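Take a look at the letters that make up each chain.
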Amino acid sequence: MTQNPGKFIVIEGLEGAGKSSAITLVHDFIEKHTGMAPVCTREPGGTPLAEKIRDLVKNAEPGDPLCDEAECLLFYAARAQLVANVIKPSLASGRWVLGDRHNLSSIAYQGGGRGLMSLVKTISDATLGGFKPDLTLYLDIDPLLGLERAARRGALDRIEQQEIDFFHRARATFLAQARDDRTIVVIDASKPLNEVHKDILACLGTAL
Ligand code: T5A
């Protein structure tokens, strides 16, 4: 847990899990709970430089495929910028921060999905130290269902086009992390939207 007056709440999940509408819901809950809207971040992104990195990792460069190690380093470069320039200063000033993804995504996608857990642990320790969210809501969904929802929304990006086993490995890692860490709460995101939102509000009501 952070020692700051503000709290850092993160929404995680595979593509199509429903993070966008969950973020609106949690945003409104925090605003009501604290009397002030949270600072909203997204990863990768959230600062001018980190948004440029987002573009690099989401879109393939013809003739120069991004290797797994470079992808991992880029996610952490973006995160280091965001934590130093937005998240930590906001928390220190008493603001709450609501994140669309954070370090758990790298653990799941790069550590579990790409098989780079040792590299992820090393860079995570070096760049974040013990810094972590106060609460993470992990929206759990079968990758097939999530990707189907994402595909209905529009063209799939570079990561969304990975083979399905990549997402199964990432999901297994999300769930394994949640088993070991009481600050990560698993929400069944395969339910209808109104039920998912009821579960999220129930969780916030007890956790905050
Ligand atoms: N990444 C990111 C890494 O590999 N490592 C990292 O360290 C980090 C930070 C980010 C990509 O980068 C990867 C992960 C990602 O591949 P992104 O654009 O931010 O890219 O991708 P996502 O966060 O996955 O965004 P998505 O928009 O794909 O997912 P969402 O936000 O969970 O999906 P959402 O809310 O837009 O929902 C998709 C559709 O499903 C419907 C919605 O209405 C929408 O149409 N839906 C439901 N339908 C029925 N029932 C429900 N319960 C529904 N919930 C949502």
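We now turn to the structure provided with this report. Everything numeric in this text was worked out from a predicted model, so none of it was measured.

**As for the packing of aromatic side chains**
Right, on to step 1. By the definition in use, this model includes five aromatic pairs.
Right, on to step 2. A ring pair is formed by Tyr109 and Phe166, whose centres lie 5.9 Å apart and whose planes are at 50 degrees; its orientation type is tilted. Of the two residues, Tyr109 sits in helix H4 (residues 103–113) while Phe166 sits in helix H7 (residues 164–180), which places them 57 residues apart along the sequence. Residues Tyr109 and Phe166 agree in their burial class; the two are buried.
Right, on to step 3. Between Tyr109 and Phe174, the ring centres sit 6.1 Å apart and the planes meet at 90 degrees, which makes this aromatic pair edge-to-face.

**Structural notes on the pattern of salt bridges**
Right, on to step 1. Following the criterion strictly, the structure yields 14 salt bridges and no others.
Right, on to step 2. One salt bridge in this structure joins Lys132 and Asp181, with 2.9 Å as the shortest N-O distance. Taken together, the residues span a long stretch of sequence, with Lys132 in the loop between helix H5 (117–128) and strand S4 (135–140) and Asp181 in the loop between H7 and strand S5 (184–188) at a distance of 49 residues.
Right, on to step 3. Relative accessible area serves as the criterion here: at 18%, Asp181 is assigned to the buried category.
Right, on to step 4. Across the pair Arg171 and Asp142 runs a salt bridge whose closest N-O atoms are separated by 3.8 Å. In this pair, Arg171 is assigned in helix H7 and Asp142 in the loop between S4 and helix H6 (143–153), connecting sequence segments 29 residues apart.
Right, on to step 5. Arg171 gets classed as partly exposed once you look at its relative accessible area, which sits at 21%.
Right, on to step 6. Accessibility expressed as a relative area gives 31% for Asp142, which makes it partly exposed.
Right, on to step 7. A network of salt bridges, in which partner residues are shared, links Asp68, Glu71, Arg114 and Arg158.

**Quick word on the pairing of strand S1 (residues 8–13)**
Right, on to step 1. Counted residue by residue, S1 has six buried out of six residues, so it is predominantly covered.
Right, on to step 2. Burial along S1 is two-sided: Phe8, Val10 and Glu12 facing one way and Ile9, Ile11 and Gly13 facing the other are all buried.
Right, on to step 3. For S1 and strand S3 (residues 97–100), the ladder comprises four bridges, and the chain directions are parallel. Counterpart to Ile9 in the pairing with S3 is Leu98.

The rules behind each value
- Residues numbered from 1 in each chain as written.
- Predicted model: local features only at pLDDT ≥ 70, side-chain atom pairs only at ≥ 80, totals over all residues.
- Heavy atoms only, no water.
- Phe/Tyr/Trp six-rings, centres within 6.5 Å; stacked < 30°, edge-to-face > 60°.
- Helix = DSSP H or I, 4+ residues; strand = E, 2+ residues; numbered from the N terminus.
- Buried < 20%, exposed > 50% of the residue type's maximum accessible area, 1.4 Å probe, protein only.
- Salt bridge = Lys/Arg side-chain N within 4 Å of Asp/Glu carboxyl O.
- Pairing = 2+ DSSP bridges.

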